[in-house]
Number of protein chains: 2
Amino acid sequence: MFSEKHKAAGVAYPQGFKAAGVRAGIKKSGNLDVALIYTEKVAVVAGVFTQNQVAAAPVHVSKVVVGTGLAHAVVANAGCANACTGEQGLHDAEKMAEIAAQELNCRADDVIVASTGVIGVNLDMAKMEAGIKNAVKELSKDGSVNAGNAIITTDTYSKACATELEIGGKEVRLGAIAKGSGMIMPNMATMLCFITTDVDIDQKLLQEALSEITEISFNMLTVDGDTSTNDMVVVLANGAAGNVKITEKNADYVKFYAALKEMCIELAKRIAADGEGATKFITINVHGAKNFADAKKVGMAVANSLLVKTSLFGEDSNWGRVICAVGYSGVKINPDKVTIKYGGIPVYANGIGVKFNAEDMKKILSAKDIIIDIELENGAANATIWTCDTSFLYIKINADYTT
Amino acid sequence: MFSEKHKAAGVAYPQGFKAAGVRAGIKKSGNLDVALIYTEKVAVVAGVFTQNQVAAAPVHVSKVVVGTGLAHAVVANAGCANACTGEQGLHDAEKMAEIAAQELNCRADDVIVASTGVIGVNLDMAKMEAGIKNAVKELSKDGSVNAGNAIITTDTYSKACATELEIGGKEVRLGAIAKGSGMIMPNMATMLCFITTDVDIDQKLLQEALSEITEISFNMLTVDGDTSTNDMVVVLANGAAGNVKITEKNADYVKFYAALKEMCIELAKRIAADGEGATKFITINVHGAKNFADAKKVGMAVANSLLVKTSLFGEDSNWGRVICAVGYSGVKINPDKVTIKYGGIPVYANGIGVKFNAEDMKKILSAKDIIIDIELENGAANATIWTCDTSFLYIKINADYTT
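Residues numbered from 1 in each chain as written. Chains lettered and ligands numbered in written order. Predicted model: local features only at pLDDT ≥ 70, side-chain atom pairs only at ≥ 80, totals over all residues. Heavy atoms only, no water.

**Student:** Would you mind going over the overall build of chain A with me for this structure?
**Tutor:** What chain A contains, in helices and strands, is eleven helices and 14 strands. Its C-alpha atoms give chain A a radius of gyration of 22 Å, within 12% of the compact-globule value 22 Å for 403 residues. Burial status across chain A gives 63% buried among its 403 residues. Split by element, the accessible area of chain A, about 14,100 Å² in all, is 51% carbon and sulfur. (Helix = DSSP H or I, 4+ residues; strand = E, 2+ residues; numbered from the N terminus. Rg over C-alpha atoms; globule rule 2.2 N^0.38 Å. Buried < 20%, exposed > 50% of the residue type's maximum accessible area, 1.4 Å probe, protein only. Areas by Shrake-Rupley, 256 points an atom, 1.4 Å probe, with all protein chains shown as cover.)

Shown next, in the form of structure tokens:
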């Protein structure tokens, strides 16, 4: 498990970063709902965004910011997605950046904007303006917890990470806040995740690293198979660590890449574990596929099977639903060669069920973390998918979300 | 709506057909669980089967029967799927046919076999043998209701239909029993559906008609996105009506085709309406797609979105989830050209929400039947998908199915 030591410092853990989270009245609950992350020195920025063709206004605006390669701040709100809001929505997203830029004395096109919440509702810009101004006043090294809480919706807790590594004698730090919960099935990027680091790195290398890592972290996660309109993962690197700037794929790059990868995988797992209504964290390891794409396809078919997810909620060893999903995944398999294990215990092999000890299985299925291994014997490629079960609470949360 | 007049006669409505449903002790509940359909005169047979690569033993056996082109009987059980049961499973499925054939004095390779229920459990063949023998004794013109009840699992009621048409001065009858409920997302065929008719028709034409009609009836239906291991639709035509045999695509063929199509669509709708835990029957009409495949893809993305299905359970007009699913469906669309209507009321157009009267919407959403129209403005192709909402009861049913 990832170190929890600097978790509270979060996105303000790297040098030169501050954060804040305030109440602006966007969430009906009155909870924290506007987050701000600021770097004193302008940072290089990398981002990956939802591939949903119905992308929210802030996604369009932030893509332009990432395109410039530089960012000074991130301003985000929960409670309203600013998606399907037309021209007004685009204008409002740009205005969010402008208000922040004016208060922070930076360029508006250096401000990443993000929103999450209900689709089809316009932002209350009077509230947003007051919220952003207030957040600027609140910026501090202790502000990450509030910032993290200000971006969550139905999440039961804010996902935060912080870590450090040594590069060329200098301490390099990374921090992150993320939210997930529902409408989670990544395609290129998912949910909101803001990562800060004081590493000095070339922007193109940072983008390349983030794009690659997203494929094996956030894109291996599913809660409910729905790819959201608002998702983004953004990394700001301000160079304050003072390391020799990473401009090629040298040993320093490899070290930083490993740390960023570890953090993204950790966040992806936490988002799966805190999926809407989740009572179980499910890891699905697919082995022996012809290639990675096949392995992922099989794993995602199982992870998105409502029948598999409800059986795990019921702590029921219904492996028939797992092999059924493998069978319709679209990947060519030989059912007689497939082996399925629950928590290391074989339940299916050679085309039929394998007898197992009921007491042992009960222990496996009553745990919070459940691992399902699927061996295809088709090749040498593997993939790991993270997901959760589907419970009564998922239905309750989503049966009355807007009303 | 389809006529309910001869519903109880069901598969025994056409001339020369009899049916029975008996208790064999395969279902834990002790309910009816072995069904038998018999035609005095051997019938031509057509069938479509699950495309799941993990197909159950009876699917393999029945494919061979359909391959011969002739059938004399259908024997089916609920409570045990005889799937993932290896060599023993195949042997048991063949044995079901042999027992029936011996009792009915027909060829074993003229007996269609089908099973539905829990995966990975072997059939109790002593119980099956007694059940089949008992069913043969019970065969009658009044046996369809019992046969229908003997093939249901978590269905709340048995789906049955019967109708007649006139072909060349002769009355031609059709009857059907079907079961659906969970693990329902057709691919080529779905669930169990047995259709009988006394029409005299060439086997190849019957197969062609069934394959075509399946694409626009059963294959347009989803309950939970899971394609089962056991599904089949089988039509037996015994020629007892005495019509001039249909051997080409003439006016008689067109008439029969229309009646078969109407019946299959009606059964598909009923299966959707009685999806596991369903409180709503949802019709999703996709208009203006480039081609049928695109229209179906968009409709299936919406119909399989757990977020859409739970919002409809909650009677919540959360159209944001519908446009979100359209956006990730994989079909190229322009979000600004899409229009979405709930019960005829526009809720989304020109990239933004459309204001609607809350009282009118409440009426639409509180009804049992809800129609969602999605206009893509991409072309002239349409598709209609039938599904249901996802409720607490779905979770309850599926959290403890095997235990």
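**Student:** Help me understand the relation of the copies chain B and chain A in this model?
**Tutor:** Note on the copies: chain B fits chain A at an RMSD of 0.0 Å, the axial shift is 0.0 Å, and the rotation between them is 180 degrees. Accordingly, the operation relating the two chain copies is best matched by a two-fold axis. Ranked by how close their C-alpha atoms come to the rotation axis, the residues of chain B are headed by Phe392(B), at 2.8 Å. In this assembly, 100% of the residues forming the interface of chain B have copies in chain A that are likewise at the interface, indicating an isologous arrangement. (Least-squares fit on C-alpha atoms with pLDDT ≥ 70 in both. Contact = heavy atoms within 4.5 Å.)

**Student:** I tried to follow the interface of chain B and chain A on my own but got confused; where do I start?
**Tutor:** A common measure of how large an interface is: the accessible area buried when the components associate. Counting from both sides, the interface comprises 53 residues of chain B and, opposite them, 53 residues of chain A. Summing both partners gives a buried area of about 4,100 Å² for chain B against chain A, and 63% of it is carried by carbon and sulfur. The interface formed by chain B and chain A includes zero salt bridges. Where chain B meets chain A, there are zero residue pairs in polar contact (both at pLDDT 80 or more). Tallied by class, the residues present in the side of chain B that touches chain A amount to 22 nonpolar, 23 polar and eight charged. (Buried area = accessible area lost by both parts, 1.4 Å probe. Salt bridge = Lys/Arg side-chain N within 4 Å of Asp/Glu carboxyl O. Polar contact = N/O pair within 3.5 Å; in protein donor to acceptor, adjacent residues only side chain to side chain. Nonpolar A, V, L, I, M, F, W, Y, C, P; charged D, E, K, R; others polar.)

**Student:** Please clarify how the environment of Gly168(B) should be interpreted in this entry.
**Tutor:** All names here are of chain B. Inspection of the secondary structure puts Gly-168 in the loop between β5 (159-167) and β6 (170-179). For Gly-168, a relative accessible area of 63% gives the class exposed. Taking the C-alpha atoms as reference points, Gly-168 and Gly-242, 74 residues apart in sequence, are found 9.6 Å from one another.

**Student:** Just to check I follow, could you spell out the pattern of salt bridges for this structure?
**Tutor:** In a structure, side chains of opposite charge can pair up when their charged atoms sit close to one another. All names here are of chain A. Under the defined criterion, the tally for this structure stands at 22 salt bridges over all chains. Residue Lys-127 is joined to Asp-124 by a salt bridge in which the shortest nitrogen-to-oxygen separation is 3.9 Å. The class of Lys-127 is partly exposed, set by a relative accessible area of 36%. By relative accessible area, which is 34% here, Asp-124 ends up partly exposed.

**Student:** Mind showing me how you'd approach unusual backbone geometry here?
**Tutor:** The phi angle of most residues is negative, glycine excepted, and most peptide bonds adopt the trans form. Residues and elements named next belong to chain B. One non-glycine residue, Glu-315, lies in the positive phi region at around 55 degrees. Looking at the element boundaries, Glu-315 is found in the loop between α8 (306-313) and α9 (319-328). Backbone geometry at Asn-350 places phi at a positive 55 degrees, although glycine is not the residue there. Summarising the element assignment, Asn-350 is placed in the loop between β11 (345-349) and β12 (352-353).

**Student:** Got a minute to help me understand the nonpolar core in this structure?
**Tutor:** What tends to happen in soluble globular proteins is that the nonpolar side chains get buried as a cluster. Core analysis: the biggest nonpolar cluster contains 112 residues, and Phe194(A), Ile195(B), Ile201(B) and Tyr342(B) have the highest contact counts within it. Residue contributions to this core peak at 13 residues, all from helix α6 (residues 251-273) of chain B. Those residues in contact with Phe194(A), other than ones at most four positions away along the chain, are Val11(A), Ile37(A), Val74(A), Ala76(A), Ala114(A), Ile151(A), Gly175(A), Ala176(A), Ile177(A), Met232(A) and Val234(A). The next biggest cluster of nonpolar side chains, apart from the first, holds 111 residues, and it includes Ile167(A), Leu205(A), Ile246(A) and Ala114(B). (Core = buried A, V, L, I, M, F, W, Y, C linked by side-chain atoms within 4.5 Å.)

**Student:** Got a minute to help me understand helix α7 (residues 292-303) of chain B in this structure?
**Tutor:** Because each turn of an α-helix spans 3.6 residues, side chains separated by three or four positions end up pointing in the same direction. Residues and elements named next belong to chain B. With twelve residues, α7 should cover 16 Å at 1.5 Å per step; its first-to-last C-alpha distance of 16 Å lies within 8% of that length. Burial analysis of α7 places nine of its twelve residues in the buried class, the great majority of the element. Buried within α7 are the following residues: Asp-294, Ala-295, Lys-296, Val-298, Gly-299, Met-300, Ala-301, Val-302 and Ala-303. (Expected span 1.5 Å × (residues − 1).)

**Student:** Looking at this structure, how should I read the sheet that holds strand β9 (residues 281-289) of chain A?
**Tutor:** Hydrogen bonds between backbone groups are what pair the strands of a sheet, and the pairing can be parallel or antiparallel. Residue and element names in this part refer to chain A. Ordered by their spatial adjacency, six strands build an open sheet running β12-β11-β10-β13-β9-β14, and the pairing between neighbours is mixed. Of all the strands in the sheet, the pair left with one neighbour each is β12 (352-353) and β14 (381-388). Note that strand β10 (residues 339-342) and strand β13 (residues 369-375) share four bridges and pair antiparallel. Each residue of the ladder has a partner; that of Ile-340, found in β13, is Ile-374. Its contacts with the sheet place helix α9 (residues 319-328) against β10, β11 (345-349), β12 and β13, and it is angled at close to 140 degrees to β10. (Pairing = 2+ DSSP bridges. Axes fitted to C-alpha atoms, helices over the stretch in contact; angles between N-to-C directions.)

**Student:** Sorry, what's going on with the packing of aromatic side chains here?
**Tutor:** Between two aromatic rings, the relevant description is the distance of the centres plus the angle of the planes. For the structure on display, the rule yields seven aromatic pairs over all chains. Summarising the aromatic geometry, the rings of Tyr253(B) and Tyr257(B) are spaced 5.7 Å apart at their centres and angled 45 degrees between planes, so their arrangement reads as tilted. Of this pair, Tyr253(B) and Tyr257(B) both sit in helix α6, separated by four residues, roughly a single helical turn. On the basis of relative accessible area, Tyr257(B) is assigned to the buried category, the value being 17%. Residues Phe313(B) and Phe392(B) carry aromatic rings whose centres are separated by 5.5 Å and whose planes lie at 85 degrees to one another, so their mutual orientation is edge-to-face. Of this pair, Phe313(B) sits in helix α8 while Phe392(B) sits in helix α11 (residues 392-399), and the two are 79 residues apart along the sequence. Accessibility expressed as a relative area gives 32% for Phe392(B), which makes it partly exposed. Three or more aromatic residues link up through ring pairs in this structure, and these residues are Phe313(A), Phe392(A), Phe313(B) and Phe392(B). (Phe/Tyr/Trp six-rings, centres within 6.5 Å; stacked < 30°, edge-to-face > 60°.)

**Student:** Which parts of the structure should I look at to understand the sheet that holds β12(B)?
**Tutor:** Residue and element names in this part refer to chain B. The six strands lie next to each other as β12-β11-β10-β13-β9-β14, forming an open sheet whose pairing is mixed. This sheet does not close on itself; its edge strands, each paired only once, are β12 and β14 (381-388). Taken together, the three bridges between strand β10 (residues 339-342) and β11 define a ladder with antiparallel strand orientation. Bridge pairing in β11 places Tyr-342 opposite Ile-345. Relative to the sheet, α6 contacts β9 (281-289) and β14, its axis offset from that of β14 by approximately 45 degrees.

**Student:** Just to check I follow, could you spell out a negative patch on the surface for this structure?
**Tutor:** Among the surface-exposed residues, Glu87(A), Glu94(A), Glu98(A) and Asp336(B) lie close enough to one another that they form a single negatively charged patch. Mapped onto the fold, Glu98(A) is located in helix α2 (residues 86-104). According to the relative accessible area criterion, Glu98(A) is partly exposed, its value standing at 40%. (Patch = residues over 30% accessible without salt bridge, like charges linked within 9 Å, V, L, I, M, F, W, Y side chains within 5 Å. Lys, Arg positive; Asp, Glu negative; His and termini not counted. Charge placed at Lys NZ, Arg CZ, Asp CG, Glu CD.)

**Student:** Can you help me understand the pairing of strand β5 (residues 159-167) of chain A in this one?
**Tutor:** Sheet faces and side chains relate simply in a regular strand, where the side chains alternate between the two faces. When you tally the buried positions in β5(A), you get seven out of nine residues, the bulk of the element. Taken together, β5(A) and the strand that follows it, strand β6 (residues 170-179) of chain A, pair antiparallel across an intervening segment of two residues, in which Gly168(A) is found at a positive phi of about 55 degrees.

**Student:** I keep staring at the packing of helix α5 (residues 203-216) of chain B against α6(B) and nothing clicks. Help me out?
**Tutor:** The relative placement of two packed helices comes down to the angle between their axes together with the axis-to-axis distance. Residues and elements named next belong to chain B. Packing of α5 against α6 leaves a shortest axis separation of 10 Å and a crossing angle of 40 degrees. Classified by the angle their axes make, α5 and α6 are oblique. For the crossing formed where α5 meets α6, the hand is right-handed. Contact residues: α5 offers Leu-205, Leu-206, Ala-209, Glu-212, Ile-213 and Ile-216, while α6 offers Tyr-253, Phe-256, Tyr-257, Leu-260, Lys-261, Cys-264 and Ile-265. For the contact of α5 with α6, a count of residues per class yields eleven nonpolar, no polar and two charged. (Parallel < 35°, antiparallel > 145°, perpendicular 65-115°, else oblique. Left-handed = near helix turned anticlockwise from the far one by under 90°.)

**Student:** Could you clarify how one ought to interpret the pairing of strand β13 (residues 369-375) of chain B in this entry?
**Tutor:** Direction of pairing for β9(B) relative to β13(B): parallel, over a ladder of seven bridges. Of the residues in β13(B), the one forming a bridge with His287(B) is Glu375(B).

**Student:** Would you mind going over the confidence of the model for chain A with me for this structure?
**Tutor:** A low pLDDT means the predicted coordinates there should not be read in detail. Residue and element names in this part refer to chain A. Model confidence for chain A is summarised by a mean pLDDT of 89, while 95% of its residues fall at 70 or above. Taken element by element, the predicted model of chain A shows its lowest mean pLDDT in helix α11 (residues 392-399) (78) and its highest in helix α3 (residues 125-138) (98). Taken as a whole, residues 186-190 scores under 50 in pLDDT and shows 30 contacts with residues more than four places along the chain or in a different chain. Interface confidence for the predicted complex, expressed as ipTM, amounts to 0.74; the pTM equals 0.77. (pLDDT = per-residue confidence, 0-100.)

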